[in-house]
Amino acid sequence: MVATGDKEFVPMSFDVVIKNGRYFDGTGGPSAVRNVGIRGGHVAAVTEEPIEGAEEIDASGQWVLPGLIDIHTHYDIELLDAPGLAESLRHGVTTIVVGSCSISTVHVDGVDAGDLFGRVEAIPRDHVIATIERHKDWSNAEEYVRAVEARPLGPNVTAFIGHSDMRTAVMGLDRATTKRDQPTRSELARMERWLVEALDAGFIGLSSQQLLFDRLDGDVCRSRTLPSTYVKRREMRRLTRLVRRRGRVLQSGPDIQHPGRVAAQLARSIGGLRRPLKMSLLAAADAKSNPIGYLILSSAARIVNKLGGDFRWQHLPVPFEVYGDGIDLVIFEELGAGAAALHLRDEVERNELMRDEQYRRRFRREYDNRFAIGAWHRDFFDADIVSCPDPSVIGKTFGQIGLDRGLHPVDAFLDLVLEHGRALRWRTVISNHRPKVLKRLAVDPGVQVGFSDAGAHLRNMAFYNSGLCLLRHVHQSAAAGAEFMTVEHAVHRLTGELADWYSLDAGHLRVGDRADVAVIDPAHLDESLSAYAEECVEHYGGLSRMVNRNDDTVTAVLVGGRTVFRNGLPTDLVGTVRTGSFLRAGRKIAAPPVASMAASGG
C-alpha cells in the first residue's frame, strides 16, 4: 500500500516528487508544507517524510496546488490544430471546457463552423473552415471524444454540446436563424437524440445563447444572431428536461436587454418537485455601464438558490480590459450603428458608411443613450489610444481628441478609424474596475470563478492567467493586512469547487487523485501578470494575438503526472505527447499510460 499520510509513510521511489512546497488539496482545508509523490499519473503520497523520485521538483517557498480549471473557453478550433494549448498550460490551467456559448464542432461542417465562430469569437473564418475540413472524421459525440483523445492533448478537456451546433446541423443555418422557421417534430427529436448521445459520452451539459449581439459571419446569414437565440419555449423545455434528468449543466448567456426574459431564464433552475436544473450564466461583472448591476445579479442568484435552484453566475476575477483595432471590437455589436459597420467586410464600403452624416447621427444618438442596457459603458473619454501611425494621438482618449478638434467623441473616433484603419489600436476597461467589488464577487457563493474566453477574441483580450490574478489579489490583500479570503479558499474556488459542481475528475490533489498540478511562486504574484504581450499563432497564418507572460510565477505544471512546463518553458511533451484526457462527467478518468502517450504523439 502506498503511503497516505505522515504516520503510515513507507519509503519508496516515485515517478515525480514535488518537495517542500506549501500543499493545497483543493478542498479548502488547511495547507501545510508537504512532499507529494506521484506514480502512474496519480498522487500516491502526501507526507512530511523525505521521499525520492525519478524526477524531483524543489518547491521550497512555493505553493503546490491542483491544476486550475477554466470553465469557459473557445479552444474548439485550436485544440484540433495545436492541441498542446500551451497558452493555458503555462499559467497552471490543466483542465479546459470547450463548446461554450451554444457553439461546438460536434455536428456542423466547416463552412457552418466558420460562420458560427468567425465573427462571434473573432477567430479567422477561413482558418476555422480549413481546420474543420482537414480534421473532422467524427459524426457524433462519442466519436468526437475519441478524435480529441487521438491528438496530443496538453491539458484535460471536457465539453458542452452546443445548441447552435445541433440546430444548424439539423435545420441548416438559414432556417435555424429565422423566426418563421422552427424545427419539425423529427428535427427536434434528432436534437434530443444528439443531446442524449453527448450526455452518454460524458459531456458536461448543453450550452445555449440568448445574447442578441453575437453575430454570424459568412455571406448567406451574415449579421443574424446565433441559432440558439431563435429557439422557442417548447424546444428549450424539451432539451433542458434531458439535462435536468441527468444532473448536468445548462450554460447560457442571458438576453440582458430584456430583464423579464432573464428572470424567466433564472427561474428555470428551480426544481420544486423536480430535480433542480444546474445552470451557469454569463456573467457576474461590475459593469461601468451599470454600477449597481452586480448587486442585482448577486441577489437574483441568492433568491433562485433559496427557492430550490442550483444556479451560478460565471465571473472573470480581473478588470475586463479590451483592445480594439479600429472599429473591429465585439462591443460595437451592441449598437445598431456598430453592427452595421461590422456587417460590411469590404473596407471601401465600410469607410463610405462611416463618412455618411446620416450614419454618424445614428451612431451619436445610440452612443448618447445612457438608458440603453449593455456591457459597454459608451464613454470615449474612457478609451485611450495605445498605438497609431500618428504619434500625436497616442496616450490620448477619443474624448480628449474630440475636445481638441471641436468634435463629438463619436466623430473623433470615426475620423481616426477612417484615417488609420486597423492600425489604430486602443483600449478600455468595461467592467470589474473596482477592487472592493471584485472582492465581494470572489467570495459570493452564487458566482463561479474561472472563465477566460481563451482561444477567442485573439486581438482583443487575454485572460489566460485570470486564476493567477485572483491568487495575486488574495495574497497581496493578506500581506497588506486586509484579507478578504484565505489562499485555501481561493484555491478551492479555482479548482475543487468547479470540479465538484461540473462532476469532473479534477480539481483535487489528495492521494488517489489525478496528478494535475501547478507549482506557483507567490513572490512573483506581481504586476507581471498584468503586462501586455503578443505572440504569433502559426496555425492562424501568423496572426499576432494577445497573450499573458509571467514565466517566473508558475515554476512547474504537471498533467496526468507528467511535467509539461518548467520555469516558463514547455517541455518536449507539449504538442507531441498526450498528457491530458477528455474528462467525462461523473466518471473517474485514468491518466494516459506512458506507452499509449508515446504512440499517440507522432
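Preceding this paragraph is the structure being described.
Residues numbered from 1 in each chain as written. Predicted model: local features only at pLDDT ≥ 70, side-chain atom pairs only at ≥ 80, totals over all residues. Heavy atoms only, no water.

Turning our eyes to something else, we now look at the pattern of salt bridges. In this structure the tally under the stated criterion is 48 salt bridges. Among the ionic pairs, Glu192 bridges to Arg241, the shortest N-O distance being 3.5 Å. Residue Glu192 is found in helix α8 (residues 185-200), and its partner Arg241 is found in helix α9 (residues 233-246); the two are separated by 49 residues along the sequence. Overall, the relative accessible area of 10% leaves Glu192 in the buried class. Residues participating in the shared-partner salt-bridge network are Glu357, Arg360, Arg364, Asp411 and Asp415. (Salt bridge = Lys/Arg side-chain N within 4 Å of Asp/Glu carboxyl O. Helix = DSSP H or I, 4+ residues; strand = E, 2+ residues; numbered from the N terminus. Buried < 20%, exposed > 50% of the residue type's maximum accessible area, 1.4 Å probe, protein only.)

What the rule picks out here adds up to 23 aromatic pairs. Relative to Tyr502, the ring of Phe160 has its centre 6.5 Å away and its plane inclined at 80°; by these criteria the two rings are edge-to-face. Linking Phe160 in strand β9 (residues 156-162) with Tyr502 in the loop between α20 (496-501) and β19 (517-520), this pair joins segments that are 342 residues apart in sequence. Note on accessibility: Phe160 and Tyr502 belong to one class, buried. Note on Trp376 and Phe380: the rings are 5.5 Å apart at their centroids and 65° apart in plane angle, and the pair reads as edge-to-face. Note on accessibility: Trp376 and Phe380 belong to one class, buried. One aromatic cluster in this structure is built from Phe332, Tyr359, Phe363, Tyr367, Trp376, Phe380, Phe398, Phe413 and Trp426. Looking at Lys278, its charged tip hangs above the ring of Trp501, at a distance of 5.3 Å from the centre. The ring of Tyr367 has Arg370 sitting right over it, with the charged end atom 5.0 Å from the ring centre. (Phe/Tyr/Trp six-rings, centres within 6.5 Å; stacked < 30°, edge-to-face > 60°. Lys NZ or Arg CZ within 6 Å of the ring centre and 35° of its normal.)

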